[in-house]
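Here are the chains, one letter per residue:
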Amino acid sequence: MTADAAKATLTLPPFVNERIFPGVDDPTAREAFPRAIANVRAQLGKTYPLYINGQDVTTDSLMDSVNPADPDEVIGKICQAGKDEAEQALTAAQKALLTWRDVDPAERAQYLVKAAALVRDNLYEFAAWQVLEEGKQWAQAYNDVTEGIDFLEYYAREMIRLGTRRDLGSYSTESNFYFYQPKGVALVISPWNFPFAIGCGMCAAAIVTGNPVVFKPSSQSLVVGHHLVQIFREVGLPEGVFNYIPGPGSAIGDYMVDSPKVGVIAFTGSMEVGLRIIERAGKTGEDQPSVKKIVCEMGGKNGIILDEEFDEDAAVKDVLYSAFGYQGQKCSACSRLIVVDSVYDRFVPKLVEAAKQLKIGPAEDPQNYMGPVIDRNAQRTISEYINLAQLEGKILYRSETPDKGYYVPLTIAEGFTPDSRLAQEEVFGPVLSIMRAKDFDQALEWANSTRFALTGAIFSKNEEHLETAVQQFRVGNLYLNRASVGALVKVQPFGGFKMSGVGTKAGGPDYLLHFMDPRSVTKAP
Ligand code: NAP
């Protein structure tokens with residue numbers, strides 16, 4: 001790319017969020033989604049290679065990715081990396097670093113803008129893959145792809161902002177300036193529940209800041225994980241700047257995390273794996289050139305408080321959406337509903353009645369509110385929690401489920417206190433635990449009573465209580481009088497603290513800084 005082309009990106013229009021899903025009744029969506037799903041179905045069962053140093057690489061070991069609504073339907077067969085392939089990818093990224101780190105930031109940003117345009121062109125098709133591979137409803141799948149576009153567009157602009165040398169002023173006769181360089185090779189490890197957006201965001205941030213990437217997608221979202229190969233190959237990223245290494249975390253995860261070739265690790269996933277990565281990456285070998293930086297987003301146990309007075313119809317809708325949208329498999333999902341005593345007996349039956357109206361079945365049918373969970377293991381684990389809910393509390397509603405596929409019942413249970421396991425452990429499924437608090441103060445105390453601090457919401461007409469919540473409901477993303485899910489890039493930077501993360505806030509103004517080291521230069525006359 002020429003210097004002129006790089007300069008042109010400096011005049012990018014201001015960032016605007018991509019339009020989210022227009023709704024299942026939108027005429028374009030009603031026509032485009034079934035067509036895209038049919039188109040994807042015609043491509044099922046293909047084999048997907050690894051991507052190392054700009055080349056497709058096949059391995060003998062293959063893993064099937066299946067439709068959780070119908071496990072007989074194979075979405076694709078994905079070559080699995082072992083330690084040899086992981087090492088090749090790390091080596092390729094290390095070599096690419098030597099040139100990529102000094103590429104003009106505006107030029108790097110332009111790759112992201114091009115990638116965003118490509119994703120936009122394929123929006124419905126990319127979303128359709130998620131409907132079949134991850135059991136995402138139309139809106140959930142579509143909005144995952146638009147979030148990916150937002151990350152690409154936003155981080156491109158952020159890099160242009162940060163890539164300009166900053167004048168620090170002079171002291172005596174000396175002038176001073178400040179700029180950033182990348183940390184090194186980035187290992188990006190993503191989860192399956194936002195199968196495109198999260199991996200795309202972490203890779204985009206690393207790439208645009210000058211760190212070549214080794215990307216390990218979740219083993220439950222391998223075909224969607226491969227979409228990044230298609231995009232980054234097509235925009236013409238130089239060899240080795242993006243490498244795709246699918247493979248079991250249990251087999252290659254530690255190996256890559258421990259590698260001295262890695263300078264920064266961007267991880268999103270469970271607390272257990274996140275803490276393991278932080279611990280292992282904290283050991284610095286003699287052959288390791290720099291201390292590893294960990295960008296880490298983990299789980300949640302998110303609560304919604306219902307105060308004494310609030311819009312009950314809006315709360316019913318938003319609580320159901322927060323708890324059961326995408327089967328409750330969102331880090332931001334509401335899994336604890338904390339209701340103040342004075343409204344409890346009126347509100348909770350209303351909520352249960354509304355939940356009984358929700359249909360459950362394959363996500364490709366837009367009439368279904370809830371679909372399957374991601375796989376058999378998740379089905380088993382969530383079912384165990386439902387059994388536990390029966391022991392610790394009382395089940396108010398447990399839905400029927402289709403016979404075929406990895407379904408679990410939509411479950412609402414009550415009678416929990418902060419000590420209950422159902423009030424403390426992340427379930428990652430459609431199980432809502434309700435707690436009766438005597439008043440707002442106790443509700444707030446209970447809302448803060450877990451190890452996590454990711455999202456939270458409060459429904460209240462009491463401005464004083466809302467203001468208290470702003471200060472004392474200690475979560476990364478707090479929502480007043482609305483659902484606890486659906487954060488948007490730039491306007492609602494996402495991420496938590498305590499055991500939910502290390503405060504790195506994806507899609508926020510500080511995010512790219514985690515991938516770079518600052519340098520300052522002083523010049524004497
Ligand atoms: P996970 O089991 O922790 O897996 C996440 C990633 O880590 C996967 O790619 C996994 O690979 C990999 N991995 C497993 N063991 C590893 C090891 N020893 N070393 C390195 N990598 C390893 O989480 P998940 O089930 O995919 O996702 C759900 C979790 O993510 C929930 O806890 C959810 O709350 C959290 N989440 C958080 C956010 C947020 O922004 N805070 C967003 C989304 C999800 P394999 O798949 O091959 O095992």
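A word on the packing of helix H9 (residues 249-258) against helix H10 (residues 271-281)
Here's step 1: Between H9 and H10, the least distance of the axes is 9 Å, while the angle of their chain directions is 35°. Considering how the two elements wind past one another, H9 and H10 form a crossing that is right-handed. Facing H9, whose interface residues are Asp254, Val257 and Asp258, H10 presents Arg276, Ile277, Arg280 and Ala281.
Here's step 2: In terms of residue class, the contact of H9 with H10 is made up of 3 nonpolar, no polar and 4 charged.

Brief notes about the side chain of glutamine 130
Here's step 1: Along the chain, glutamine 130 falls in helix H5 (residues 123-134).
Here's step 2: Ignoring sequence-local partners within four residues, the contact set of glutamine 130 consists of Gly135, Lys136, Ala141, Asp144, Val145, Pro195, Phe196 and Val224.

Things to note about the sheet that holds strand E7 (residues 174-182)
Here's step 1: The sheet built from 3 strands is open, its strands ordered E6-E7-E22 with antiparallel pairing. Each edge of the open sheet carries a strand with a single partner, namely strand E6 (166-171) and strand E22 (516-523). Geometrically, the sheet is characterised by an average inter-axis angle of 25° between neighbouring strands, direction not taken into account.
Here's step 2: When E7 meets E22, the two strands line up antiparallel, connected through 8 bridges. Within E22, the residue paired with tyrosine 178 across the bridge is serine 520.

Description of the packing of aromatic side chains
Here's step 1: Enumeration according to the criterion identifies 20 aromatic pairs in this entry.
Here's step 2: An angle of 85° between the planes, with centres 5.3 Å apart, marks the rings of phenylalanine 33 and tyrosine 124 as edge-to-face. One end of the pair, phenylalanine 33, is in helix H2 (residues 27-41); the other, tyrosine 124, is in helix H5, and 91 residues separate them in sequence. In terms of burial, phenylalanine 33 and tyrosine 124 fall into one category: buried.
Here's step 3: Aromatic pair tryptophan 192 and tyrosine 326: ring centres 6.3 Å apart, planes at 70°, arrangement edge-to-face. Of this pair, tryptophan 192 sits in the loop between strand E8 (185-189) and helix H7 (197-208) while tyrosine 326 sits in the loop between helix H11 (312-324) and strand E14 (334-340), and the two are 134 residues apart along the sequence. A single burial state applies to tryptophan 192 and to tyrosine 326, both of which are buried.

A word on the pairing of strand E17 (residues 431-437)
Here's step 1: Along E17, 6 of the 7 residues are buried, which leaves the element largely enclosed by surrounding structure.
Here's step 2: Bridge count between E14 and E17: 5 bridges; the pairing is parallel. Its bridge partner lying in E17, valine 339 is registered against arginine 436.
Here's step 3: By the bridge criterion, 4 bridges tie strand E16 (residues 411-414) to E17 in an arrangement that is parallel.

Description of the domain arrangement of the protein chain
Here's step 1: In terms of domain boundaries, the protein chain breaks down into domain 1 (3-7 + 25-298 + 503-523) and domain 2 (302-487).
Here's step 2: Summarising the inter-unit geometry, the C-alpha centres of domain 1 and domain 2 are found 31 Å apart.
Here's step 3: The partner domain 2 presents 30 residues to the 26 residues of domain 1 that form the contact.
Here's step 4: Summed over both sides, the interface between domain 1 and domain 2 buries roughly 2,300 Å², with carbon and sulfur atoms accounting for 58% of that surface.
Here's step 5: If you sort the residues of domain 1 by the area they bury against domain 2, Gln137, Gln140 and Trp192 come out on top, with a joint share of 24%.
Here's step 6: At the junction of domain 1 with domain 2, the criterion picks out 3 salt bridges.

Quick look at the pattern of salt bridges
Opposite charge on two side chains makes pairing possible when the charged atoms of those side chains draw close.
Here's step 1: Going through the model one piece at a time under the given rule, you end up with 25 salt bridges.
Here's step 2: One salt bridge connects arginine 346 with glutamate 312, and the closest N-O pair in it is separated by 2.5 Å. Residue arginine 346 is found in helix H12 (residues 341-356), and its partner glutamate 312 is found in helix H11; the two are separated by 34 residues along the sequence.
Here's step 3: Overall, arginine 346 belongs to the partly exposed group, its relative accessible area being 47%.
Here's step 4: Classification of glutamate 312 as buried rests on a relative accessible area of 12%.
Here's step 5: Each of Glu18, Arg120, Glu153 and Arg157 takes part in one network of salt bridges that share partners.

Structural notes on a nonpolar patch on the surface
Here's step 1: A contiguous nonpolar surface patch, about 200 Å² in accessible area, is contributed by Leu275, Ile278 and Val502.
Here's step 2: Counting through the fold element by element, leucine 275 comes out in helix H10.

A look at the sheet that holds strand E13 (residues 302-306)
What holds strands together in a sheet is hydrogen bonding between their backbones, with the strands either parallel or antiparallel.
Here's step 1: Ordered in space as E15-E16-E17-E14-E13-E19-E20, the 7 strands form an open sheet in which the pairing is mixed. Only two strands of the sheet have a single partner each, and these edge strands are strand E15 (394-398) and strand E20 (477-480). With strand direction ignored, the average angle separating the axes of adjacent strands in the sheet is 20°.
Here's step 2: Packed on one face of the sheet, H12 meets E13, E14, E15, E16 and E17 and runs near 140° to E14.

Topic: the site of the ligand
Here's step 1: The local shell around the ligand holds 31 residues, among which Ser219, Gly249, Ser270, Met298 and Glu426 are the closest.
Here's step 2: At a separation of 2.6 Å, a nitrogen atom of the ligand approaches a polar backbone atom of methionine 298.
Here's step 3: Coverage of the ligand by the protein amounts to 88% of the 910 Å² it exposes when considered alone.
Here's step 4: Among the secondary structure elements, those contributing two or more residues to the shell around the ligand are H9, strand E11 (262-268) and H10.
Here's step 5: No fewer than three residues from each of domain 1 (3-7 + 25-298 + 503-523) and domain 2 (302-487) sit in the shell around the ligand.

Quick notes on the environment of aspartate 64
Here's step 1: Topologically, aspartate 64 is positioned in strand E4 (residues 62-67).
Here's step 2: Among the residues examined, aspartate 64 registers a relative accessible area of 41% and is labelled partly exposed.
Here's step 3: When the C-alpha atoms of aspartate 64 and proline 13 are compared, they prove to be 42 Å apart, with 51 residues separating the residues in sequence.
Here's step 4: Setting aside chain neighbours within four positions, we find aspartate 64 in contact with Val74, Gly76 and Lys77.
Here's step 5: A distance of 3.1 Å separates the side chain of aspartate 64 from the side chain of lysine 77, its partner in a polar contact.

Regarding unusual backbone geometry
Here's step 1: Unlike most non-glycine residues, phenylalanine 428 shows phi in positive territory, near 55°.
Here's step 2: Turning to its location among the elements, phenylalanine 428 is positioned in the loop between E16 and E17.

Quick notes on H11
Here's step 1: Under the 1.5 Å per step criterion, the end-to-end length of H11 is 18 Å for 13 residues, consistent within 8% with the ideal 18 Å.
Here's step 2: Against E13, E14, H12, E16, E17 and strand E19 (455-459) lie the buried residues of H11.
Here's step 3: Residue aspartate 311 occupies the N-cap position of H11, its side-chain oxygen lying 3.2 Å from the main-chain nitrogen of aspartate 313.
Here's step 4: One or two residues past the end of H11 sits tyrosine 326, with phi positive at roughly 45°.

Quick notes on the rules
- Residues numbered from 1 in each chain as written.
- Predicted model: local features only at pLDDT ≥ 70, side-chain atom pairs only at ≥ 80, totals over all residues.
- Heavy atoms only, no water.
- Axes fitted to C-alpha atoms, helices over the stretch in contact; angles between N-to-C directions.
- Helix = DSSP H or I, 4+ residues; strand = E, 2+ residues; numbered from the N terminus.
- Left-handed = near helix turned anticlockwise from the far one by under 90°.
- Contact = heavy atoms within 4.5 Å.
- Nonpolar A, V, L, I, M, F, W, Y, C, P; charged D, E, K, R; others polar.
- Pairing = 2+ DSSP bridges.
- Phe/Tyr/Trp six-rings, centres within 6.5 Å; stacked < 30°, edge-to-face > 60°.
- Buried < 20%, exposed > 50% of the residue type's maximum accessible area, 1.4 Å probe, protein only.
- Domains from an automatic or database assignment.
- Buried area = accessible area lost by both parts, 1.4 Å probe.
- Salt bridge = Lys/Arg side-chain N within 4 Å of Asp/Glu carboxyl O.
- Patch = residues over 30% accessible without salt bridge, like charges linked within 9 Å, V, L, I, M, F, W, Y side chains within 5 Å.
- Areas by Shrake-Rupley, 256 points an atom, 1.4 Å probe, with all protein chains shown as cover.
- Near = heavy atom within 4 Å.
- Polar contact = N/O pair within 3.5 Å; in protein donor to acceptor, adjacent residues only side chain to side chain.
- Expected span 1.5 Å × (residues − 1).

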